[in-house]
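# Tertiary structure, described
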Amino acid sequence: MEFFWATIFGLEFILFGCLAHVVRATFNPFPDRISDSNTVNILFSSGYSMGDHIFGTEYDDLTGYYRLDSLKNLQLSVYFSLIFGFVCVLGIPGIWDLFVAGNQWLGEWVVMRLGEAVADPWSFR
């Protein structure tokens, strides 16, 4: 049973990483890279950090914005969200039980709502 919850946990954090990637690329009002020089970007840009330089985050060459169409950026986002999730589970006592209880409640709620929809499909709101 623990393997089942670990799989669900991993899938949820993969989806969280995908969502974080889309949000970072879509809702970014200012360019992350302001210069061709990495030193200037690290020191003066609020969206570009040493981690972006080390891991090779891809930006648009012309505008300096984070690239939504980059599979490498998506992969980095998913990896970091999985690592963050597993560190939280290992480092914070009781978070695993909270995660399992929350997912059990969500599963029961979905089954209840589907049962209501099947019983009387016209009153489903």
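To be clear, the structure that these remarks concern was listed above.
Throughout what follows, the structure given in this document is the object of discussion. (Residues numbered from 1 in each chain as written. Predicted model: local features only at pLDDT ≥ 70, side-chain atom pairs only at ≥ 80, totals over all residues. Heavy atoms only, no water.)

Glancing now at the overall build of the chain. When you go through the chain residue by residue, the secondary structure sums to five helices and zero strands. Helices (α) and strands (β) of the chain occur, in sequence order from the N terminus, as α-α-α-α-α. Whereas a compact globule of 125 residues would reach a radius of gyration of roughly 14 Å, the chain reaches 20 Å, over 25% beyond that. Residues counted as buried form 25% of the 125 residues belonging to the chain. (Helix = DSSP H or I, 4+ residues; strand = E, 2+ residues; numbered from the N terminus. Rg over C-alpha atoms; globule rule 2.2 N^0.38 Å. Buried < 20%, exposed > 50% of the residue type's maximum accessible area, 1.4 Å probe, protein only.)

This paragraph deals with the side chain of Ser81. On the secondary structure map, Ser81 appears in helix H4 (residues 71–91). Of the polar contacts made by the side chain of Ser81, one reaches the backbone oxygen of Phe13; its length is 2.9 Å. For Ser81, the contacting residues outside a window of four places in its chain are Phe13, Phe16 and Gly17. (Polar contact = N/O pair within 3.5 Å; in protein donor to acceptor, adjacent residues only side chain to side chain. Contact = heavy atoms within 4.5 Å.)

Quick look at the pattern of salt bridges now. A full pass over the atoms with the stated rule returns three salt bridges. Among the ionic pairs, Asp52 bridges to Arg24, the shortest N-O distance being 3.4 Å. On the criterion of sequence distance, the pair formed by Asp52 in helix H3 (residues 50–55) and Arg24 in helix H1 (residues 2–26) is long-range, its members being 28 residues apart. (Salt bridge = Lys/Arg side-chain N within 4 Å of Asp/Glu carboxyl O.)

This part covers the layout of surface pockets. Looking at the largest pocket, its volume works out to about 170 Å³. In terms of lining residues, the largest pocket is bounded by Ala20, Arg24, Gly51, Asp52, Phe55, Thr57, Tyr66, Asn73, Leu76, Ser77 and Phe80. Every element with two or more residues in the lining of the largest pocket is listed here: H1, H3 and H4. If one sorts the elements of the lining of the largest pocket by residue count, H4 sits on top with four residues. For the lining of the largest pocket, the class distribution of residues is five nonpolar, four polar and two charged. (1 Å grid on protein atoms, 1.4 Å probe; cavity = no way out; pocket = protein on both sides within 12 Å on 5 of 7 lines; lining within 4 Å. Points joined across faces, edges and corners; volume = space filled by probe spheres on them. Nonpolar A, V, L, I, M, F, W, Y, C, P; charged D, E, K, R; others polar.)

The subject of this paragraph is the nonpolar core. Trp5, Phe9, Phe13, Val78, Leu82, Trp96, Phe99 and Val100 form the largest nonpolar core, which has eight residues in total. Only H1, H4 and helix H5 (95–119) provide two or more residues apiece to this core. Ignoring anything within four residues of it in the chain, the contact list for Phe99 reads Trp5, Ile8, Phe9 and Glu12. (Core = buried A, V, L, I, M, F, W, Y, C linked by side-chain atoms within 4.5 Å.)

The next thing to look at is the packing of H1 against H5. The geometry of H1 relative to H5 is characterised by a closest axis approach of 11 Å and an angle of 85° between their N-to-C directions. In terms of their interaxial angle, H1 and H5 are classed as roughly perpendicular. Only Trp96, Phe99, Val100, Asn103 and Gln104 of H5 make contact with H1, whose side of the interface consists of Glu2, Trp5, Ala6, Ile8, Phe9 and Glu12. Of the residues contributing to the contact of H1 with H5, the split by class is seven nonpolar, two polar and two charged. (Axes fitted to C-alpha atoms, helices over the stretch in contact; angles between N-to-C directions. Parallel < 35°, antiparallel > 145°, perpendicular 65-115°, else oblique.)

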